[in-house]
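An overview of the molecular structure
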Amino acid sequence: TDTAFTASRMGKIPMFDNRPIGLFDSGIGGLTVFKSLLHALPHESFVYLGDTARLPYGSKSPQTIERYVLQNIDFLIRKNVKAIVVACNSASTVLLGGTKSFAVPVYNVIEPGAATALKATSGKKIGVLGTKATISAKSYVRALHALDSSVQVFQQACPLLVPLVEEGWESDPITNLVVYRYVAPLIDAGVDTLIMGCTHYPALRTNLEKATAGRMTLVDSSEAIANLIAADIASGRFGASEMRSDLEIMTTDVSASFSEVAIRLMAPHVIPPLVEVDISPLAP
Ligand code: DGL
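This is a predicted model, so every value here is computed, not measured.

Every residue close to the ligand is listed here: Asp25, Ser26, Pro56, Tyr57, Gly58, Cys88, Asn89, Ser90, Thr131, Cys198, Thr199 and His200. Between the ligand and Tyr57, the relevant distance is 2.7 Å, taken from an oxygen atom to a main-chain nitrogen or oxygen of the residue. The separation between an oxygen atom of the ligand and a polar side-chain atom of Ser90 is 2.6 Å. Across the complex, the protein chains shield 97% of the 300 Å² of accessible surface that the ligand would expose by itself. The residue makeup of the shell around the ligand, split by class, is four nonpolar, seven polar and one charged.

Below, the discussion takes up unusual backbone geometry. Cis geometry marks the peptide bond from Leu55 to Pro56, where omega comes out at -5°. Among the structural elements, Pro56 can be located in the loop between strand S2 (46-50) and helix H3 (62-78). Between Ala267 and Pro268 the backbone carries a cis peptide bond, its omega angle lying at 5°. For Pro268, the location among the structural elements is in the loop between helix H12 (256-266) and strand S10 (275-276). Phi at Asn80 is positive, roughly 65°, even though this residue is not glycine. Mapped onto the secondary structure, Asn80 falls in the loop between H3 and strand S3 (83-86). With a phi close to 55°, Lys124 is a non-glycine residue in the positive phi region. Structurally, the position occupied by Lys124 is in the loop between helix H5 (110-120) and strand S5 (125-130).

This part is about empty space enclosed by the protein. The gaps of empty space that remain are located by a probe, the size of a water molecule, rolled over the atoms. All told, the structure shown has one cavity of 30 Å³ or more when counted by the stated rule. If you trace the largest cavity, you find it lined by Thr32, Val33, Ala87, Asn89, Met196, Cys198, Thr199, Pro202, Asp220, Ser221 and Ser222. For the lining of the largest cavity, the elements supplying multiple residues, two or more each, are helix H2 (31-40) and helix H11 (221-234). A class-by-class count of the residues in the lining of the largest cavity yields five nonpolar, five polar and one charged.

This paragraph deals with the packing of H2 against H12. Put simply, H2 and H12 touch, their axes get as near as 9 Å, and they point 35° apart. Between H2 and H12 lies a crossing whose hand is right-handed. In this structure, H2 uses Leu31, Thr32, Phe34, Lys35 and Leu38 to contact H12, whose residues at the interface are Ala262, Leu265 and Met266. Taken together, the residues of the contact of H2 with H12 sort by class into six nonpolar, one polar and one charged.

Along the chain, the position of Leu218 falls in strand S8 (residues 217-220). According to the relative accessible area criterion, Leu218 is buried, its value standing at 11%. Measuring from C-alpha to C-alpha, the distance between Leu218 and Thr193 comes to 6.0 Å, with 25 residues separating the pair along the chain. With near-sequence residues (within four places) excluded, Leu218 lies in contact with Leu194, Met196, Arg205, Leu208 and Glu209.

Further remarks concern the sheet that holds strand S7 (residues 193-197). With respect to topology, four strands assemble into an open sheet ordered S6-S5-S7-S8, the strand pairing being parallel. Every other strand in the sheet has two partners, leaving strand S6 (152-157) and S8 as the edge strands with one partner each. Adjacent strand axes in the sheet meet at a mean angle of 25° when their direction is disregarded. Its contacts with the sheet put helix H9 (residues 173-188) on S5, S6 and S7, and the angle it makes with S6 is roughly 165°.

Our next topic: the packing of aromatic side chains. Enumeration over the complete set of coordinates arrives at four aromatic pairs. Measuring from ring centre to ring centre gives 5.6 Å for Phe34 and Tyr48, while their planes differ by 25°; the resulting arrangement is stacked. Here the residue Phe34 occupies a position in helix H2, and Tyr48 occupies one in strand S2, the gap between them amounting to 14 residues. In this structure Phe34 comes out as buried when scored by relative accessible area, which is 0%.

The end-to-end C-alpha distance of H3 is 24 Å, a good match for the 24 Å that 17 residues give at a rise of 1.5 Å each. In the segment just after H3, Asn80 is the residue with positive phi, at about 65°.

Moving on, we come to the pairing of strand S9 (residues 248-251). Across four bridges, the pairing between S2 and S9 is parallel. Each residue of the ladder has a partner; that of Gly50, found in S9, is Thr251. By the bridge criterion, two bridges tie S9 to S10 in an arrangement that is parallel. Residue pairing in the sheet places Met250 in a bridge with Val275 of S10. In this fold, S9 hands off to H12, which returns the chain to S10; that crossover is right-handed.

Here is what the cut-offs are and how they apply
Residues numbered from 1 in each chain as written. Predicted model: local features only at pLDDT ≥ 70, side-chain atom pairs only at ≥ 80, totals over all residues. Heavy atoms only, no water. Near = heavy atom within 4 Å. Polar contact = N/O pair within 3.5 Å; in protein donor to acceptor, adjacent residues only side chain to side chain. Areas by Shrake-Rupley, 256 points an atom, 1.4 Å probe, with all protein chains shown as cover. Nonpolar A, V, L, I, M, F, W, Y, C, P; charged D, E, K, R; others polar. Helix = DSSP H or I, 4+ residues; strand = E, 2+ residues; numbered from the N terminus. 1 Å grid on protein atoms, 1.4 Å probe; cavity = no way out; pocket = protein on both sides within 12 Å on 5 of 7 lines; lining within 4 Å. Points joined across faces, edges and corners; volume = space filled by probe spheres on them. Axes fitted to C-alpha atoms, helices over the stretch in contact; angles between N-to-C directions. Left-handed = near helix turned anticlockwise from the far one by under 90°. Contact = heavy atoms within 4.5 Å. Buried < 20%, exposed > 50% of the residue type's maximum accessible area, 1.4 Å probe, protein only. Pairing = 2+ DSSP bridges. Phe/Tyr/Trp six-rings, centres within 6.5 Å; stacked < 30°, edge-to-face > 60°. Expected span 1.5 Å × (residues − 1). Right-handed = clockwise from strand over helix to strand, strands pointing away.

By themselves, these observations are geometric and do not establish any function.
In structure tokens:
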């Protein structure tokens, strides 16, 4: 990043760039990431894409998820964004290792989440909760071991948690039971740090704290990515925005229930109505 900063001072990268940052998720769960970004980057503008017509990603194959990810990135680049955040953990897996290159910087949420967990762990026993796609791709295991091969990682797929959050059942006793059922093996394994490796899980922070009796440090990948982008802007990786303009939330399908979940996840922020978009590539 020192090099990027020098480049910016020399005029190669403009100090200011008022284009928005794009982010996308399989649906509206990524609004938890949106909220962290809005908080950490008060001057930046954002366009959010929720691929609600094709969700969930968490139960799909890597090949299908990759195709969706590349289409979403292409769509956001056509929206003239200056950087892209892949808010969805299941989708972020496709980008691990930074082997693909794009016209703008593209961030995944897994690597910053893994780095934050490594800083937090006291006993080098890290737990990961995620969708089936994230867990079977061993996304966080790979990212953690790339940074520290001595850390022990315990994974748990939690396919029931996304629907519980989307139903608004965070305070229902049933949710506490399900959460406990998922974290019990991690408690037995002596995990000290737990990565909430899915867009929806920060909404279950209280349930997770209760289930783990406050004995695990909970890592929110959305905060980790927001901090990383703030640091990259500060060091000149891309230009900062001078003033925030209107936020845009686009989805590939609009329904009353998506809007209702969106309003709930974004509270206390007031959000504009969801706009339905067609992301298919332009005809050549
Ligand atoms: N956004 C997904 C994730 O973070 C969860 C929802 C889905 O499976 O599409 O993994």
